[in-house]
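# Geometric and topological summary
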Amino acid sequence: MHADDRVTCWAHQAWAADCADRHVPLTAGRVLAEALETDRIRYRSAGAATGS
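All figures in this text were calculated on a predicted structure; none of them were measured in a lab.

Turning to the overall build of the chain, a few remarks are in order. Counting its regular elements, the chain contains one helix and two strands. Secondary structure elements of the chain, listed N to C terminal, follow the sequence β-β-α. The buried share among the 52 residues of the chain stands at 6%. Taken as a whole, the chain presents about 4900 Å² of accessible surface, with 60% of it coming from carbon and sulfur.

Put into structure tokens, the structure is as follows:
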């Protein structure tokens, strides 16, 4: 049996070629925006926990 060179999309449990149009390309701006949003959520939840 020969090797299979297809790539799996773990998010969608399918072959990556079958769901390539459902993924947005990763950029530095998207990573930064996600990190800032995570920090904002953590800051707000810490403030709510301390009563500030």
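A few words on the state of the cysteines. Considering all chains together, one arrives at zero disulfides under this definition. Cys 19 provides the cysteine sulfur closest to Cys 9, a residue in no disulfide bond, and the two sulfurs are 3.4 Å apart.

Moving on to the confidence of the model for the chain. As a general rule, the predicted coordinates of low-pLDDT regions are not to be interpreted in detail. Chain-level pLDDT for the chain is 82 on average; 87% of the residues reach the 70-or-more range. Mean pLDDT values over the elements of the chain span from 82, in strand 1 (residues 8-9), up to 89, in helix 1 (residues 28-50).

Our next topic: the environment of Cys 19. Tracing the sequence through the fold places Cys 19 in the loop between strand 2 (14-15) and helix 1. If we ignore the near neighbours within four places in the chain, the residues touching Cys 19 are Cys 9 and His 12.

Basis of the calculations
Residues numbered from 1 in each chain as written. Predicted model: local features only at pLDDT ≥ 70, side-chain atom pairs only at ≥ 80, totals over all residues. Heavy atoms only, no water. Helix = DSSP H or I, 4+ residues; strand = E, 2+ residues; numbered from the N terminus. Buried < 20%, exposed > 50% of the residue type's maximum accessible area, 1.4 Å probe, protein only. Areas by Shrake-Rupley, 256 points an atom, 1.4 Å probe, with all protein chains shown as cover. Disulfide = S-S within 2.5 Å. pLDDT = per-residue confidence, 0-100. Contact = heavy atoms within 4.5 Å.

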